[in-house]
Amino acid sequence: MNSKKYLLLLFTIIGLQYVVNAQENKELFTIYLVRHSEKDVSPANRKNPPLTKCGEQRAKNLNKFLEKVNLDVIYSTNYIRTKNTAKPTADGKNMLIKIYNPRELTQFSKTLIDKKQDALVVGHSNTTGVLAGLLVGEKIKPFDESIYNRIYQVVIHKKTGRLHILNTSFSCDN
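Quick notes on the rules
Residues numbered from 1 in each chain as written. Predicted model: local features only at pLDDT ≥ 70, side-chain atom pairs only at ≥ 80, totals over all residues. Heavy atoms only, no water. Phe/Tyr/Trp six-rings, centres within 6.5 Å; stacked < 30°, edge-to-face > 60°. Helix = DSSP H or I, 4+ residues; strand = E, 2+ residues; numbered from the N terminus. Buried < 20%, exposed > 50% of the residue type's maximum accessible area, 1.4 Å probe, protein only. Lys NZ or Arg CZ within 6 Å of the ring centre and 35° of its normal. Disulfide = S-S within 2.5 Å. Core = buried A, V, L, I, M, F, W, Y, C linked by side-chain atoms within 4.5 Å. Contact = heavy atoms within 4.5 Å. Polar contact = N/O pair within 3.5 Å; in protein donor to acceptor, adjacent residues only side chain to side chain. Axes fitted to C-alpha atoms, helices over the stretch in contact; angles between N-to-C directions. Parallel < 35°, antiparallel > 145°, perpendicular 65-115°, else oblique. Left-handed = near helix turned anticlockwise from the far one by under 90°. Pairing = 2+ DSSP bridges.

Q: Hey, could you run me through the packing of aromatic side chains in this one?
A: Here the distance between the centres and the angle between the planes together describe a pair of aromatic rings. Enumeration over the complete set of coordinates arrives at three aromatic pairs. When the centroid spacing of 5.0 Å and the interplanar angle of 80° are considered together, the rings of Tyr75 and Phe108 count as edge-to-face. With Tyr75 in strand E2 (residues 73–76) and Phe108 in helix H4 (residues 105–115), this pair connects stretches of sequence that are 33 residues apart. Ring geometry for Tyr100 and Phe108: centres 4.2 Å apart, planes at 5°, overall stacked. By relative accessible area, Tyr100 is classed as buried at 7%. Here the aromatic cluster, defined as three or more aromatic residues joined through ring pairs, consists of Tyr75, Tyr100 and Phe108. Sitting above the plane of the Tyr79 ring, Arg81 keeps its charged end 4.8 Å from the centroid. Across from the ring centre of Phe143, 5.1 Å away, lies the NZ or CZ of Arg150, which sits over that ring.

Structure representation (structure tokens):
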């Protein structure tokens, strides 16, 4: 084996070992943040609306998206629409949903970073982007209530976060 191939192999092994060690020590973890799926805003459901049929489909689609993703914990606010958005993923991974307070985002962001867990966090249009910003040290404003297709992926390595905004191609079968 010539020296160039040997060095390349050596660096590859060292790099892979670094990734394995980072994951084992949880220096590297990922948090997925989503807004709840479409809600039924009929007059009878104003305070705590459930998901629409389309919202239920989107929640199932989120489960498919995260099917091969390792998650240690799933968080939701204590609303029907957020818990039902998280439920297909929680059921698919045989996990319980933990409740967080959307009015305490700064503290919750610190908790997420300190726990070093791969997580799904289901929130609202006025909290999801804001929380993603807190995790990466940027100011991100709430987004429009008509937007349901964003997945904020925050990859954290040694308490430094990198944000990726994914736009899903899901469409309802109505």
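Q: In this structure, what is going on with the state of the cysteines? I would like to understand it.
A: By definition, a disulfide links the sulfur atoms of two cysteine residues through a covalent bond. Counted by the stated rule, this structure contains one disulfide. Bridging Cys54 to Cys172, the disulfide has an S-S length of 1.4 Å. Since a negative S-S torsion denotes a left-handed disulfide, the Cys54-Cys172 link at about 65° is right-handed. Here the residue Cys54 occupies a position in helix H2 (residues 53–66), and Cys172 occupies one in the segment after strand E6 (160–167), the gap between them amounting to 118 residues.

Q: What is the right way to look at the nonpolar core in this model?
A: In a soluble, globular protein the nonpolar side chains are often hidden away together inside. Counting residues in hydrophobic clusters, the biggest one holds 20 residues, and the most contacted among them are Ile31, Leu33, Tyr75, Leu112, Val121, Leu131 and Leu135. Contributing elements (two or more residues each) for this core: strand E1 (28–35), E2, H4, strand E4 (119–123), helix H5 (128–136) and strand E5 (150–157). Filtering out sequence-adjacent residues up to four positions away, Leu112 remains in contact with Phe29, Ile31, Tyr75, Gln117, Val121, Leu131 and Leu135. By size, the runner-up hydrophobic cluster in this structure holds 13 residues, among which are Tyr32, Leu62, Val69 and Met95.

Q: Mind showing me how you'd approach the environment of Asn101 here?
A: Here Asn101 is to be found in the loop between strand E3 (97–99) and H4. By relative accessible area, Asn101 is classed as partly exposed at 31%. Residues Asn101 and Asn78, spaced 23 residues apart in sequence, show a C-alpha to C-alpha distance of 7.7 Å. Here Arg103 takes part through its backbone nitrogen, which lies 2.8 Å from a polar atom of the side chain of Asn101.

Q: Explanation requested: the environment of Pro102 in the structure shown.
A: Here Pro102 lies in the loop between E3 and H4. Residue classification places Pro102 among the buried residues on the basis of a relative accessible area of 16%. Sequence separation between Pro102 and Gly123 is 21 residues; the distance between their C-alpha atoms is 7.4 Å. In contact with Pro102, not counting residues within four places along its chain, are Thr77 and Thr127.

Q: I would appreciate a short explanation of the packing of H2 against helix H3 (residues 80–92) in the present structure.
A: The relative placement of two packed helices is expressed as an angle between their axes plus a distance between the axes. Put simply, H2 and H3 touch, their axes get as near as 8 Å, and they point 40° apart. If you check the angle between H2 and H3, you find them oblique. In this structure, the crossing between H2 and H3 has a hand that is right-handed. Of the residues in H3, those in contact with Ala59, Lys60, Leu62, Asn63 and Leu66 of H2 are Asn84, Thr85, Pro88, Thr89 and Gly92.

Q: Help me understand the sheet that holds E5, please; the structure alone is not making it clear to me.
A: Strands pair in a sheet through their backbones, by hydrogen bonds, and they do so in one of two ways: parallel or antiparallel. Pairing is mixed in the open sheet, where six strands are placed in the order E3-E2-E4-E1-E5-E6. Of all strands in the sheet, those bounded by a partner on one side alone are E3 and E6. Taking each pair of neighbouring strands and ignoring which way they run, the sheet shows an average axis angle of 25°. Note: E2 against E4, four bridges, orientation parallel. Paired with Ser76 across the strands is Val122, a residue of E4.

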